[in-house]
Amino acid sequence: MVEMYVTLVRAGRRTCNQENQSVVQVLARYRQEVLAELTALGLDADGNAVA
């Protein structure tokens, strides 16, 4: 499930950023794990590269 959400965030279809209301949120029970995976990939909560 986590990998699926990571893929959706990277595609711009979901987000872990609770301030971003223009995209559907990752379910709360998966949000921390997904955010950890995104961080490990060098991405922010919206799936954008961290500069």
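Predicted, not measured: the structure shown is a model, and the values here were computed from it.

Enquirer: An account of the overall build of the protein chain is needed here, citing residue identities and associated values.
Expert: Helix and strand counts for the protein chain stand at two helices and two strands. Computed over C-alpha atoms, the radius of gyration of the protein chain comes to 9 Å, within 12% of the 10 Å expected from 2.2 N^0.38 for 51 residues, which places it in the range of a compact globule. Viewed in the frame of its principal axes, the protein chain has a C-alpha envelope of about 25 × 20 × 15 Å. When the 51 residues of the protein chain are sorted by exposure, 29% land in the buried category. Within the protein chain, contacts between residues at least 6 apart in sequence are counted, and of these 41% link residues at least 24 apart. Total accessible area computed for the protein chain in this model is approximately 3,500 Å², and 50% of it derives from carbon and sulfur atoms. Of the charged side chains in the protein chain, 5 are positive and 6 negative; the average position of the first set lies 9 Å away from that of the second.

Enquirer: An account of helix α1 (residues 2-10) is needed here, citing residue identities and associated values.
Expert: The set of residues buried in α1 consists of V2, Y5, V6 and V9. Buried residues in α1, looked at end-on, bunch into an arc of 105 degrees, giving them a common side. Structurally, α1 contributes buried residues whose contacts are with β1 (14-15) and α2 (28-40). Taken from the residues just after α1, G12 is the one with a positive phi, measuring 80 degrees.

Thresholds applied
- Residues numbered from 1 in each chain as written.
- Predicted model: local features only at pLDDT ≥ 70, side-chain atom pairs only at ≥ 80, totals over all residues.
- Heavy atoms only, no water.
- Helix = DSSP H or I, 4+ residues; strand = E, 2+ residues; numbered from the N terminus.
- Rg over C-alpha atoms; globule rule 2.2 N^0.38 Å.
- Buried < 20%, exposed > 50% of the residue type's maximum accessible area, 1.4 Å probe, protein only.
- Contact = heavy atoms within 4.5 Å.
- Areas by Shrake-Rupley, 256 points an atom, 1.4 Å probe, with all protein chains shown as cover.
- Lys, Arg positive; Asp, Glu negative; His and termini not counted.
- Charge placed at Lys NZ, Arg CZ, Asp CG, Glu CD.
- Arc of directions from axis to C-beta.

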